[in-house]
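This is what each chain is made of:
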Amino acid sequence: MKISQIKFNNWRCFNGEETISFSTDRFKPISTVYGTNGSGKTTILNSVLWSLWDILTDDFEQPTRLVSNSHLASVGLGKSAMGSVEIKFEHAGCKYEVVRTYIEKNLGGENRSAVDSRMMVKEIDERGEGHDWFNEDGFDRIDKMFPRRLAKYFFFNGESFVSDVTNQSGQKDFGRAVRHVLGLTIYERALQHSKTAKDDLEKSIAVLDNDKELEEEIVKQGKLEGNIEILKKAVEEVEENIEKAELEIEKIDEELKNFILINEWIAKRIDLENEIDKIDNEIKMESNNLMNLIARNNACMFLQRHAQEVISIGDSHRVQKHIPASFKESFIHDLLKSGLCICGEPLVSGEPRYDKVSLRLSEGALTDTEEEWTNLVNSLKKYGDLRNDFEIEFRRISARRNELRSKKDEKEYDASYFSGKIEKSGKNIEEIRELEDKRTSKKQLCKNLLVKKGEDSNQLKLLEADLKKSQAKIDKIEPKNKQSQLERKRHKLLLAARTEIEKELALRKDALRKKIEQSITNIFMQLSATNFFARLSEEFVLTMYRRTELGEPIEAALGKGDKQLSYYSFVAALSEFNFSASESKSSAYESFPIMIDAPFTQLDGDQQKRVISLVPKLTHQLILMMLESANEVMKTPDVLDLTPKVSVSVLYTANSAIPAKSIFLPGSSDPISYVVRTQEREHFSKLVQVR
Amino acid sequence: MNTEHAEHQFSKELVDKIVAGILEIEQKRVHQQNPVLVHEDILKLLREELKE
């Protein structure tokens, strides 16, 4: 399955119509959606889960309010409005359009009620023929392509995924989903249903023979099975309570750690504050440098502005004189020497006319003026050069000052983080005592629960032994007439078939478990750069191990990042299994797309790079939704080499703290401008193909 | 499928046929919302294979 487009129509925060497209290119499988917090990334994830499988994630707030607020308000009190999501995808050579609509009624103010919800699946097959399925049939159709129970393990939030799949019920669900992908659940269901068929045959024998003893034994067996079921549930419940109590103890321990860590935090804050002071001084110094530079270059700043004007005025004056200065000077010299003016009057030294013409000589002696003029222009040009130097220096100091300011912001953020922690943990001895008491009582609760679990488990074993005996007794009872003998024969045949199914299930389970373990280990080693290896339990619950110096395997203590990577490896291993199975047509399913909201939150830079380099090789489509600030990893050359073309959508809200601007997206040499619309919580999205 | 059938009187072929039949029933029902009747299909399969 590859999703090509999602179209929103007044659904949640997407007012009006908005479309987001994704890359379906096999060799360029990554699509990225950047968006600020609250811009609708989680909404996109939920729109897919909702429209295809009627699922919404736990962190999706107000899940019953699906029609966009402003659209519902605009229709008026007592009227209904519709929101919808349309998803286009490709699967096994066919094209699909799934439209799911939701109608709500405006009840005034914040109140509303759901009126209707419908679904339609449109299929265009390889021959171009169309088929439509509606509601339940539509769900069945989708379920055949991508089972509902798998959806949340391929479309998930990276931040909450690990905690969702590692709690007890999460582990069970995940294990079941894994067994489903691997094709094991069909054997499990076959065993479950053939057991019911076997019970029916036994009842039939009892009825045909009118065998009271058999009937009683069957009733006894039914009761035993009922009690076993109750006890199993009780044991599960106790296990869940133990897990809860252990988690609470962990939390208390974390709180208690605060009291130990407070001195460390205070020291860290002092260090940070000292660093901030130092940076502040540097900022002041650079500001002074800047002021001095400006003061020093005041004249050149002024002159630069006027130089061109002065030069052009001078040039035009010079041009207007027409007669060359040197010629003019020699002409007046010759005039004075000849003693006759051009008007015909005599020129005698000491007379006013002679002095007047002599004055023209000094005015007309433009050789000096020309020289002075050239000097002036040259000095003005020099000021131009000085101005360039000034600008370079100005930019350098400004950049340095900005760098220092951001560094200061970071340090201040860190310092306020520690201040918050110090403030929160500013508790007194009384509180420590309270925590200790709570811890002791939780510990006691754990002990009690473990005792109960032991008792229940023992009881369970006894009941299971009784059940076995009862079954043996039933199996031994000889049927009395021809009809019942035939039923017994069928009963025996069914038991023989069940034994074979059990054997086959065990063999397949074992082989697949080893295969997936190996695959998880390979992927994890590439993602985390550690030598930890994966082990899967009977129920396909994952545990990572490492080897001691003596080569003994022991459970590995994983950091948050590695824990997340271990489950990414698990999903990637399943995807790889299905990917290769779909390539060789040996799977019932095509490769599944993987869509992750906030994929990198727990991971460091190197881990992020490894994820983005490796996972696209294990699936036909990878859709990542992240903050714009997380796009650094997408820009690194090795990632770009491995992801030669990236589809990018950008989401922004009017609420965004970032003003309208341009951003550089990975691989793009030109900035992509985005628009923030004025209406509250409206979005702009754009698909750009880069490189 | 490797069938050891020393403990019962049925041929390997027959047991394999029932196993394949049950799995086929499950496969057909895999996407249906209400799998309650699957065991009845299994009984039907057995009764067809072992008639009076």
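The structure displayed is predicted, hence computed values, not measured ones. (Residues numbered from 1 in each chain as written. Chains lettered and ligands numbered in written order. Predicted model: local features only at pLDDT ≥ 70, side-chain atom pairs only at ≥ 80, totals over all residues.)

1. Let's talk about the overall build of chain B
- Counting its secondary structure elements, chain B contains 2 helices and 0 strands.
- Counting the 52 residues in chain B, one finds 21% classified as buried. (Helix = DSSP H or I, 4+ residues; strand = E, 2+ residues; numbered from the N terminus. Buried ≥ 20, exposed ≤ 12 C-beta atoms within 10 Å, placed from the backbone.)

2. Overview of the overall build of chain A
- When you go through chain A residue by residue, the secondary structure sums to 18 helices and 17 strands.
- A burial count over chain A gives 29% of its 691 residues as buried.
- Sequence separation of 24 or more characterises 71% of the internal contacts of chain A that already satisfy a separation of 6 or more. (Contact = placed C-beta atoms within 7 Å.)

3. Notes on the interface of chain A and chain B
- Between chain A and chain B, the residue contacts involve 22 residues of the former and 23 residues of the latter.
- Those elements giving two or more residues to the side of chain A that touches chain B turn out to be helix 3 (135-145), helix 7 (185-209) and helix 14 (482-528) of chain A.
- Per-element tally for the side of chain A that touches chain B: the top contributor is helix 14 of chain A, with 11 residues.
- The residue inventory of the side of chain A that touches chain B, partitioned by class, reads 9 nonpolar, 3 polar and 10 charged. (Nonpolar A, V, L, I, M, F, W, Y, C, P; charged D, E, K, R; others polar.)

4. Some points on helix 14 of chain A
- Taking 1.5 Å of rise per residue, 47 residues should cover 69 Å, and helix 14 of chain A covers 67 Å from first to last C-alpha, within 8% of that figure.
- Ala-529 of chain A lies just past helix 14 of chain A and shows a positive phi near 60°. (Expected span 1.5 Å × (residues − 1).)

5. Some remarks on the environment of Leu-404 of chain A
Residues and elements named next belong to chain A.
- Here Leu-404 is to be found in helix 12 (residues 366-424).
- Under the C-beta neighbour-count criterion, Leu-404 is labelled buried, with 20 such atoms within 10 Å.
- Taking the C-alpha atoms as reference points, Leu-404 and Ile-276, 128 residues apart in sequence, are found 9.7 Å from one another.
- When near neighbours in sequence (up to four residues on either side) are disregarded, Leu-404 contacts Ile-279, Glu-282, Ile-283 and Glu-286.

6. A word on the pairing of strand 6 (residues 112-124) of chain A
All names here are of chain A.
- In this sheet, strand 6 lies alongside strand 5 (residues 94-106) in antiparallel orientation, the contact comprising 12 bridges. Opposite Glu-97, over in strand 6, you have Lys-122 as the bridge partner.
- Here strand 5 hands over to strand 6 after 5 residues, with Gly-108 in that stretch at a positive phi of 95°.
- Linking strand 6 to strand 7 (residues 130-134), which pair antiparallel, is a turn of 5 residues; within it Gly-128 sits at a positive phi near 85°. (Pairing = 2+ DSSP bridges.)

7. Some remarks on the nonpolar core
- Val-48, Phe-154 and Val-571 of chain A are the most contacted members of the largest nonpolar core, which totals 82 residues.
- Ranked by the residues each element gives to this core, the list is headed by helix 15 (residues 560-583) of chain A, at 9 residues.
- Those residues in contact with Val-48 of chain A, other than ones at most four positions away along the chain, are Ile-3, Ile-6, Ile-87, Phe-155 and Met-595 of chain A.
- Core analysis: the second largest hydrophobic core is formed by 22 residues, Tyr-187 of chain A together with Val-15, Val-19 and Ile-25 of chain B among them. (Core = buried A, V, L, I, M, F, W, Y, C linked by C-beta atoms within 7 Å.)

8. So, the sheet that holds strand 9 (residues 533-536) of chain A
Residues and elements named next belong to chain A.
- An order of 9-10-11 is seen for the 3 strands of this open sheet, with the pairing classed as antiparallel. Two strands lie at the open edges of the sheet, namely strand 9 and strand 11 (553-555), each paired on one side alone. Recorded for the sheet is a direction-independent mean angle of 45° between the axes of neighbouring strands.
- With 3 bridges connecting them, strand 10 (residues 542-547) and strand 11 associate as antiparallel partners. Across the sheet, residue Arg-546 finds its bridge partner in strand 11, namely Ile-554. (Axes fitted to C-alpha atoms, helices over the stretch in contact; angles between N-to-C directions.)

9. Here we look at the sheet that holds strand 7 of chain A
All names here are of chain A.
- Sheet architecture is open: 6 strands sit in the order 2-1-4-5-6-7, paired in antiparallel fashion. With one partner strand each, in any of the chains shown, strand 2 (14-21) and strand 7 form the two edges of the open sheet. Sheet twist, expressed as the mean angle between neighbouring strand axes with direction ignored, is 15°.
- Pairing of strand 4 (residues 80-91) with strand 5, which is carried by 12 bridges, proceeds in the antiparallel orientation.

10. Things to note about unusual backbone geometry
All names here are of chain A.
- Unlike most non-glycine residues, Asp-54 shows phi in positive territory, near 60°.
- Position of Asp-54 among the secondary structure elements: in the loop between helix 1 (41-53) and helix 2 (69-75).
- With 14 C-beta atoms packed within 10 Å, Asp-54 lands in the partly exposed category.
- For Ala-529, which is not a glycine, the phi torsion comes out positive at approximately 60°.
- Relative to the helices and strands, Ala-529 resides in the loop between helix 14 and strand 9.

11. Details of helix 2 (residues 38-49) of chain B
- For helix 2 of chain B, which comprises 12 residues, the first-to-last C-alpha distance of 17 Å matches the rise-based estimate of 16 Å (1.5 Å per residue) to within 8%.
- Buried within helix 2 of chain B are the following residues: Val-38, His-39, Ile-42, Leu-45 and Leu-46 of chain B. Viewed along the axis of helix 2 of chain B, the buried residues span an arc of 110°, placing them on a single side of the element.
- Each element contacted by the buried residues of helix 2 of chain B is listed here: helix 7 and helix 14 of chain A together with helix 1 (12-29) of chain B. (Arc of directions from axis to C-beta.)

12. Some thoughts on the confidence of the model for chain A
- Per-residue confidence for chain A gives a mean pLDDT of 82; residues scoring 70 or more make up 82%.
- The low-confidence segment residues 686-691 of chain A, where pLDDT is below 50, has 19 contacts with residues more than four positions distant or belonging to other chains. (pLDDT = per-residue confidence, 0-100.)

13. Points about the confidence of the model for chain B
Residues and elements named next belong to chain B.
- Taken over all residues, the pLDDT of chain B has a mean of 78, while the share at 70 or more is 69%.
- Low pLDDT (under 50) marks residues 1-6, which in the prediction has 12 contacts with non-local residues, meaning those over four places away or in another chain.
- Two numbers describe this predicted complex: its pTM, 0.65, and its ipTM, 0.88.

14. Considerations on the pairing of strand 4 of chain A
- Of the pairings in the sheet, the one linking strand 1 (residues 2-11) of chain A to strand 4 of chain A comprises 7 bridges and is antiparallel in character. Of the residues in strand 4 of chain A, the one forming a bridge with Gln-5 of chain A is Lys-88 of chain A.

15. Quick word on the environment of Asn-111 of chain A
Residues and elements named next belong to chain A.
- Within the secondary structure layout, Asn-111 lies in the loop between strand 5 and strand 6.
- The exposure class assigned to Asn-111 is exposed, which follows from the 9 C-beta atoms found within 10 Å.
- Separated by 34 residues in the primary sequence, Asn-111 and Leu-77 have C-alpha atoms spaced 9.9 Å apart.

16. Remarks on the packing of helix 7 of chain A against helix 2 of chain B
- At a closest axis distance of 8 Å, the pairing of helix 7 of chain A and helix 2 of chain B adopts a crossing angle of 60°. The way helix 7 of chain A lies across helix 2 of chain B gives a crossing that is right-handed. Only Val-38, His-39, Ile-42 and Leu-43 of chain B of helix 2 of chain B make contact with helix 7 of chain A, whose side of the interface consists of His-193, Ser-194, Thr-196, Ala-197 and Asp-200 of chain A.
- When its residues are assigned to classes, the contact of helix 7 of chain A with helix 2 of chain B shows 4 nonpolar, 4 polar and 1 charged. (Left-handed = near helix turned anticlockwise from the far one by under 90°.)

17. Points about the packing of helix 14 of chain A against helix 16 (residues 605-614) of chain A
All names here are of chain A.
- Close contact between helix 14 and helix 16 brings their axes to 8 Å; oriented N to C, the two are set at 135°. When the axes of helix 14 and helix 16 are compared, the pair comes out oblique. Contacts between helix 14 and helix 16 involve Ile-523, Gln-526, Leu-527 and Ser-528 from the former and Gln-607, Arg-610, Val-611 and Leu-614 from the latter.
- Tallied by class, the residues present in the contact of helix 14 with helix 16 amount to 4 nonpolar, 3 polar and 1 charged. (Parallel < 35°, antiparallel > 145°, perpendicular 65-115°, else oblique.)

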